[in-house]
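Observations on the three-dimensional arrangement
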Amino acid sequence: MDAFLRWSHPDLLEPRLLQCCWMWQVLHVLDLDPAGHAAPDRGHVSEVCLPGLAQPLLLSSARFDQDEPTTFRIAEFRSEAMLFGLLQAGEQGEDPLDPVQWSFWLVPSPQLHPDRRSIGLQALLRARGEGLALEQLPAAIAPWATTVSA
């Protein structure tokens, strides 16, 4: 499957495909059936409906760039929380299908400025620390949803 994706979609770093790559990983680590969730039709912000949440969890992705400030989009609509995912290059370069290259921050929506449409990586690091690894997400999200397995 990995070889097929690289052949059929050579630019997995394009915003929509980048969002698809990390959303797929999040769905799998939370034991959610990807068939029940539409693939993102645009880049940067998506939503995932979790059992037990009145509103969907919002997902926002970005790539680390040493030359430009890294920013994440914030959805225009609010939910209980947003999950931010950052892709950072590994030794072999950027690979959005490698879960080790991703860091995550789960932020309750009330902690996000209501008038902002983006948040910088530095602000996330100051407020929330170094972020979580993919395998830490179920435990972090479990308090927000009733049936996410830890």
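That block above? That's the structure.
On a predicted model such as this, the values are computed, not experimentally measured, just so you know. (Residues numbered from 1 in each chain as written. Predicted model: local features only at pLDDT ≥ 70, side-chain atom pairs only at ≥ 80, totals over all residues. Heavy atoms only, no water.)

Secondary structure assignment for the protein yields four helices and six strands. For 150 residues, the compact-globule estimate of 2.2 N^0.38 gives 15 Å, and the C-alpha radius of gyration of the protein, at 15 Å, lies within 12% of that figure. Projected onto its principal axes, the C-alpha positions of the protein cover 40 × 35 × 25 Å. Across the 150 residues in the protein, those meeting the buried criterion constitute 41%. Considering only contacts within the protein whose residues lie at least 6 apart along the sequence, 58% involve residues at least 24 apart. Split by element, the accessible area of the protein, about 8,400 Å² in all, is 53% carbon and sulfur. (Helix = DSSP H or I, 4+ residues; strand = E, 2+ residues; numbered from the N terminus. Rg over C-alpha atoms; globule rule 2.2 N^0.38 Å. Buried < 20%, exposed > 50% of the residue type's maximum accessible area, 1.4 Å probe, protein only. Contact = heavy atoms within 4.5 Å. Areas by Shrake-Rupley, 256 points an atom, 1.4 Å probe, with all protein chains shown as cover.)

The subject of this paragraph is the nonpolar core. Soluble globular proteins: nonpolar side chains tend toward being buried together. Counting 21 residues, the largest nonpolar core has Leu50, Leu57, Leu83, Phe104 and Ile141 as its most contacted members. At the level of secondary structure, the elements contributing two or more residues to this core comprise α2 (15-29), β2 (57-63), β4 (81-87), β5 (102-108) and α4 (137-141). With five residues, α2 is the single largest residue contributor to this core. With 15 residues, the next largest nonpolar core counts Val45, Ala62, Met82 and Ile119 among its residues. (Core = buried A, V, L, I, M, F, W, Y, C linked by side-chain atoms within 4.5 Å.)

What follows deals with the packing of aromatic side chains. One pair of aromatic rings is described through two measures. These are the centre distance and the angle between the planes. The final tally for this structure, using the stated rule, is five aromatic pairs. The interplanar angle of 70 degrees and the centroid separation of 5.4 Å between the aromatic rings of Phe72 and Phe84 together place this pair among those described as edge-to-face. You can see Phe72 sitting in strand β3 (residues 71-73) and its partner Phe84 sitting in strand β4, a full twelve residues away along the chain. Taking the relative accessible area as the measure of exposure, Phe72 reaches 0% and is therefore buried. Taking the centre distance of 6.4 Å and the plane angle of 20 degrees together, the rings of Trp102 and Phe104 count as stacked. Look at Trp102 and you get buried, because its relative accessible area is 2%. Phe104 sits in the buried class, given a relative accessible area of 1%. (Phe/Tyr/Trp six-rings, centres within 6.5 Å; stacked < 30°, edge-to-face > 60°.)

What follows deals with the pattern of salt bridges. Across all of its chains, the model carries one salt bridge by this definition. Glu94 is paired through a salt bridge with Arg63; the nearest N and O atoms lie 2.8 Å apart. Here Glu94 is found in the loop between β4 and β5, whereas its partner Arg63 is found in strand β2, with 31 residues between them in sequence. Residue Glu94 is classed as partly exposed on the basis of its relative accessible area, which comes to 27%. Taking relative accessible area as the criterion, Arg63 reaches 36% and is therefore assigned partly exposed. (Salt bridge = Lys/Arg side-chain N within 4 Å of Asp/Glu carboxyl O.)

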